[in-house]
Amino acid sequence: MNLDQIIAETSVMPVMVIERLEDAVPLAHALVEGGIRVLEITLRTAAGLDAVRAIRQSVPDAIVGVGTIATPDQLKASIDAGAQFGVSPGSTPRLLQAVADSKLPFLPGVATISEVIQALEFGFDVQKFFPAVQAGGVKMLEAFRGPFPQVRFCPTGGINVQNAPEFFKLPNVVCVGGSWLTPKDLVAGGKWAEIKHLAREAVALKP
Ligand code: 3PG
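Residues numbered from 1 in each chain as written. Predicted model: local features only at pLDDT ≥ 70, side-chain atom pairs only at ≥ 80, totals over all residues. Heavy atoms only, no water.

Asker: Teacher, can you tell me more about the overall build of the protein here?
Answerer: When you go through the protein residue by residue, the secondary structure sums to 10 helices and 9 strands. Over its C-alpha atoms, taken along the principal directions, the protein stretches across nearly 45 × 35 × 25 Å. Across the 207 residues of the protein, 50% fall into the buried class. Looking at the protein alone, contacts between residues at least 24 apart form 61% of all its contacts between residues at least 6 apart. (Helix = DSSP H or I, 4+ residues; strand = E, 2+ residues; numbered from the N terminus. Buried < 20%, exposed > 50% of the residue type's maximum accessible area, 1.4 Å probe, protein only. Contact = heavy atoms within 4.5 Å.)

Asker: Help me understand the packing of helix α3 (residues 48–58) against helix α4 (residues 72–81) in this model?
Answerer: Packed helices, taken two at a time, are described by their axes: the angle between them and the distance between them. Put simply, α3 and α4 touch, their axes get as near as 9 Å, and they point 25° apart. One way to sum up the angle between α3 and α4 is to call them roughly parallel. Like other packed secondary-structure pairs, α3 and α4 cross with a definite hand, here right-handed. Touching L49, V52, R53 and R56 of α3 are A77, S78 and A81, all from α4. In the contact of α3 with α4, the residues fall into 4 nonpolar, 1 polar and 2 charged. (Axes fitted to C-alpha atoms, helices over the stretch in contact; angles between N-to-C directions. Parallel < 35°, antiparallel > 145°, perpendicular 65-115°, else oblique. Left-handed = near helix turned anticlockwise from the far one by under 90°. Nonpolar A, V, L, I, M, F, W, Y, C, P; charged D, E, K, R; others polar.)

Asker: What is the right way to look at the state of the cysteines in this model?
Answerer: In a disulfide, the sulfur atoms of two cysteines are covalently bonded to one another. Within the structure shown, the criterion is met by 1 disulfide. The side chain of C154 participates in a disulfide bridge whose partner is C175; the two sulfur atoms lie 2.5 Å from each other. Because the torsion about its S-S bond is -120°, the bridge between C154 and C175 counts as left-handed. Of this pair, C154 sits in strand β8 (residues 152–155) while C175 is found in the loop between α8 (164–168) and β9 (176–178), placing the two residues 21 residues apart along the sequence. Residue C154 shares its accessibility class with C175, and that shared class is buried. (Disulfide = S-S within 2.5 Å.)

Asker: Sorry if this is basic, but what is going on with the site of the ligand here?
Answerer: Neighbouring the ligand are the residues V15, R44, K128, F130, T156, G157, G158, G178 and S179. T156 is positioned such that a nitrogen or oxygen atom in its side chain is 2.6 Å from an oxygen atom of the ligand. S179 is positioned such that a nitrogen or oxygen atom in its side chain is 2.5 Å from an oxygen atom of the ligand. The residue makeup of the shell around the ligand, split by class, is 2 nonpolar, 5 polar and 2 charged. (Near = heavy atom within 4 Å. Polar contact = N/O pair within 3.5 Å; in protein donor to acceptor, adjacent residues only side chain to side chain.)

Asker: In this structure, what is going on with α4? I would like to understand it.
Answerer: Along an α-helix, residues three or four apart share an orientation, since each turn contains 3.6 residues. By the burial criterion, the buried members of α4 are L75, S78 and A81. All buried residues of α4 fall inside an arc of 130° around its axis, so they share one side. Facing away from the buried side of α4 by more than 90 degrees, the exposed set consists of D73, K76 and D80. The secondary structure elements touched by the buried residues of α4 are α3, β3 (63–67), α5 (93–102) and β5 (106–107). (Arc of directions from axis to C-beta.)

Asker: Please clarify how the packing of helix α2 (residues 24–33) against helix α10 (residues 192–203) should be interpreted in this entry.
Answerer: Contact geometry for α2 and α10: axes closest at 7 Å, N-to-C directions at 40°. When the interaxial angle is binned, α2 and α10 end up oblique. Between α2 and α10 lies a crossing whose hand is right-handed. Counted together, P26, L27, A30, L31 and E33 of α2 and W192, I195, K196, A199 and R200 of α10 form the full contact between these two elements.

Asker: Explain the environment of F153 here, please?
Answerer: With respect to the helices and strands, F153 occurs in strand β8. Here the alpha-carbon distance between F153 and Q118, two residues 35 residues apart in the chain, equals 15 Å. Contacts of F153, omitting those with residues within four sequence positions, involve V110, V116, Q127, F129, L141, F144, N172, V173, V174 and C175.

Asker: Just checking my understanding: could you explain the pairing of strand β7 (residues 126–129) for this structure?
Answerer: Residues V126 and K128 line one face of β7 and the alternating positions Q127 and F129 line the opposite face, and both faces are buried. When strand β6 (residues 109–110) meets β7, the two strands line up parallel, connected through 2 bridges. Paired with V110 across the strands is F129, a residue of β7. The β-α-β motif built from β6, the intervening helix α6 (residues 113–121) and the parallel element β7 has right-handed crossover chirality. Inspection of the sheet shows β7 paired to β8 by 4 bridges, in the parallel sense. What sits directly across from Q127, in β8, is F153. Taken together, β7, helix α7 (residues 137–145) and β8 form a β-α-β motif whose crossover is right-handed. (Pairing = 2+ DSSP bridges. Right-handed = clockwise from strand over helix to strand, strands pointing away.)

Okay, structure coming up:
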């Protein structure tokens, strides 16, 4: 699947921080059953890559991405673990070159107009705007649209069920991401039905 096909599968991308490997598969099942197939597993925890392997093996309907990729080594480890796409919180020429060489579908992180230009230079016209709310939110994305109407964004950072609709109104927003779908206490408590409900609610946000 290429990035456009992956993005077309979802309007909301859960940003998942897996603390315990055993949570990975039931959590992914809950999200998929709630209607969200495209999942971003972050490398913020030691269990991240094993979670990717487990979900790839046991949840065939999921489309599994790896987030928090910041170095070429992490990129390689993610591909080896079975990542179907990648996400970075920010961009450097070194990382973008490695990603372009790898051909992995990828959402590079940007927060400034120079970073938007840099990511375009490497061929990425769908970008993650991070941290979205903290870096200027809806108004910043409107400003990006002036010079770069062709760039599409997946904002994440500070987005939730209340403010997501404001982002969906923008023509340059193709999806939003966030950790609100996988609250720590629900995951720790194995409250999969509640997570499924959050997924359903999130799917209904985009008009
Ligand atoms: C990310 O890595 O995309 C963000 O941490 C998600 O931000 P949130 O936790 O504010 O949703």
